[in-house]
Structure formats: C-alpha cells, structure tokens
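Residue-level listing of the chains:
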Amino acid sequence: MLDRLQALVDRYEKLSELLCDPDVASDSKKLRDYSKEQSDLQPAYEAYSEYKTVVEELDAAKQMLNEKLDDEMREMVKMEIDELAPRQQELEEKIRILLLPKDPNDDKNVIVEIRGAAGGDEAALFAADLYRMYTRYAESQGWKVELMDVNESDLGGFKEVIFMINGRGAYSKMKYESGAHRVQRIPATESGGRIHTSTSTVAVMPEAEDFDIEIHDKDIRVDTFCSSGAGGQSVNTTKSAVRVTHVPTGIVATCQDGKSQNSNKEKALQVLRTRIYDMMRQEEEAKYAGERKSKVGTGDRSERIRTYNFPQSRVTDHRIGLTMHRLDQVMNGEIEEILSALTIAEQAEIMEKGE
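This is a predicted model, so every value here is computed, not measured.

### Examining the nonpolar core
Buried together is how nonpolar side chains tend to be arranged in soluble globular proteins.
Then step 1. Core analysis: the biggest nonpolar cluster contains 35 residues, and Val-112, Ile-114, Tyr-134, Ile-165, Met-174 and Tyr-308 have the highest contact counts within it.
Then step 2. Listing elements by their share of this core, those giving two or more residues are β1 (110–116), α5 (121–140), β3 (158–166), α6 (170–174), β5 (196–206), α9 (327–331) and α10 (336–353).
Then step 3. When residues in this core are grouped by element, the largest group, nine residues, is from α5.
Then step 4. Discounting chain neighbours no more than four positions away, the residues touching Tyr-134 are Ile-114, Phe-163, Met-174, Glu-177, His-181, Val-202 and Ile-335.
Then step 5. Listed in part, the 22 residues of the second largest apolar core include Ala-44, Val-54, Leu-58 and Ala-61.

Take a look at the structure:
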C-alpha cells in the first residue's frame, strides 16, 4: 500500500508542475485532463499527507516516554498518544477505501429511465413518485435535472419517464438505484381499502459522451411525429417529436418534451448514445459476472431491490437488509443514508475479495 501511495504522491506533485507549465495552460484539453486527474488524486494525497504527519508525531511521542519526564509531562504525552493512535487507524482505513478500484463512470452524469411495471395505473403513479423522489434528492446534492421524455398515464402517473441528472459524481451515487422497486399501499382508486402491491423499474445509465460512442448518420433513422400526452391527445400540431433508431443494434430513443424538433433530436441522440454505451458496458461486465457478481449489484434491472410499505411507513433495501421507518422523508428525496450504506457495503465486499 505504501508503494502505491508514494506513486500517487509523485504523480500528484508532477501534475502540479505540469499545470504550471505555459504549454499546458495554453492547451485546453491537457489542462482539463490534468486538472481532473489531480482532483481525483487529491483526497488520497491529502489523507496520506496527514497520515505521515500523525505517524511522525506518534513516533516522537512514544520516544518521549523513554525519556526522564515529570509526572505531569508524562501524562500529557500519554494523552497525545491516546489521541493520535485512533487517528492513525482512521486514516489507514480511509486510505484503503480511497485506493480501492474506482468505477471509471463514477464522475459521469446519468440518464435515468423509470417505467411503471406490474400494477397498471398504480405502478404508473408510483413511477411518478420515484421521479419526484430522485428530483428532490438531486436538488439536495446541487445537481441539475433535465426532463428528456415522458409518457403520462390517464391518472397523472408516468408509464415511462426519462431524465438526465447533471452533476459530478451523480453515477457514483445513483448507480445503486437500478432494479425493481416495489410499493405496498392502498391505491387512491381502491374503494375497499385493500393494500395492493405494484412495481416500477428503474434503469440508471452513465451518460455516454461523444468520445465514448460515435454514431454515424448512415447508421440512424430519424422519424418525426406530433407529440402527445395522457390519453393520446395531441400536445401540438407540428411534428416536433423525434424518434431515432440505431439500425445496427435496433435500439430506439424518442423525445417529445421540447417544442423544437432540433432540440428533441439532440436529446434523443443523447439517450440513444447512452443506451448503446450501457448495452456495451453490460455485455463487458457479463463476461466477469460469475467471479465478480456483487451482493449490492448495479446491473440486473429485473432484481427486486427495495420495498416501500406505506401502511407501516417502512422502506427495506433487500440487498443489504437495511430497514428504515421513515418513508415520508425517503419519498421526499432523503435517500442519502440508503445510498451511503450501499456504497459502504460494496466497498467492504471489494476489500474482502482483495480486489
């Protein structure tokens, strides 16, 4: 570990030199790449710098105990050791986590797709609830939400909603949300007061940038149509809605949220590129699924990952056995505790496997 840390320190300091180089400062790509690399290394660099200071101070304090000291000074040195020793352990644990293999997509924006699954109108209403939950969580993180496409149900729910979350580290948090979300509650349309179980599915994909996936004009088919809302009524009479088909893969993306055909086409291409990238990423991960499958998981969208029980105000994440009895706050976007627990569980699993 110390060898890896020293290599990290050397690289960080080299990047500091490069960022002061006039040739780098005049090259926007190099400047951006080096700045990002240094920013990624900074937490581990700072933790290691503090760790070295703590170790030096701890060694010095222990050596002082071997010297002739009066009782008061000896007691002060012991108190200092009692403070420094736990801090050394904390920093060692922190550094181990910082040195774990990092998902290259963690810093990316995400495109999220939520669909009502089993349960008809109630599933669509729950899909809308999940959309509001993620929107509020994104706002609490200082992230920006951009609606890409929505297909509303007659009762105001979402049969399907696609949106982008723009914010550094969005994928590192949101990736754990892919899967089937189950709700247990009494639907507004239920006159007998019976509890129904419905399901909505969530897919979280790291946004594909131009250099990740290149789409050629010859490989796509673009169709335009009039956008429509709940019940199929026309929202406008111009063909501003766009459907883009990637012919080689058969992957389709539509967008009708914007008023402009060009705007909708750009958004549809953004979704299309991300879906193609996600398909390729999942195919690559599937090769190693047998030996690397995680309990936490971020890929199987048919897996039931969480239950929201309204009568008991209970939320249970089935992957890590976490149960919370504050459903109202969770539905209001307060999901950081759940996501942090999932992150810690995955880190512990990686450390246990020695990856």
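### Describing the pairing of strand β7 (residues 241–246)
Then step 1. Counting buried residues in β7 gives five out of six residues, a clear majority hidden from the surface.
Then step 2. One ladder, built from six bridges, connects strand β6 (residues 220–225) with β7; its direction is antiparallel. Within β7, the residue paired with Val-222 across the bridge is Val-244.
Then step 3. Pairing between β7 and strand β8 (residues 251–255): five bridges, direction antiparallel.

### Here's the deal with the confidence of the model for the protein chain
Then step 1. When pLDDT is averaged along the protein chain, the result is 85; 89% of the residues meet or exceed 70.
Then step 2. Every residue in residues 230–235 is under pLDDT 50, and counting partners more than four places away or in other chains gives 12 contacts.

### What to know about the pattern of salt bridges
Then step 1. Enumeration over the complete set of coordinates arrives at 26 salt bridges.
Then step 2. Notably, a salt bridge pairs Arg-306 with Glu-177, separated by 2.8 Å at the nearest N-O pair. A residue pair is termed long-range when its members are at least 10 positions apart, and Arg-306 in strand β9 (residues 304–309) and Glu-177 in the loop between α6 and β4 (179–185) qualify at 129 residues. The same class applies to Arg-306 as to Glu-177, namely buried.
Then step 3. Each of Lys-36, Asp-40, Asp-107 and Arg-168 takes part in one network of salt bridges that share partners.

What counts as what
- Residues numbered from 1 in each chain as written.
- Predicted model: local features only at pLDDT ≥ 70, side-chain atom pairs only at ≥ 80, totals over all residues.
- Heavy atoms only, no water.
- Core = buried A, V, L, I, M, F, W, Y, C linked by side-chain atoms within 4.5 Å.
- Buried < 20%, exposed > 50% of the residue type's maximum accessible area, 1.4 Å probe, protein only.
- Helix = DSSP H or I, 4+ residues; strand = E, 2+ residues; numbered from the N terminus.
- Contact = heavy atoms within 4.5 Å.
- Pairing = 2+ DSSP bridges.
- pLDDT = per-residue confidence, 0-100.
- Salt bridge = Lys/Arg side-chain N within 4 Å of Asp/Glu carboxyl O.

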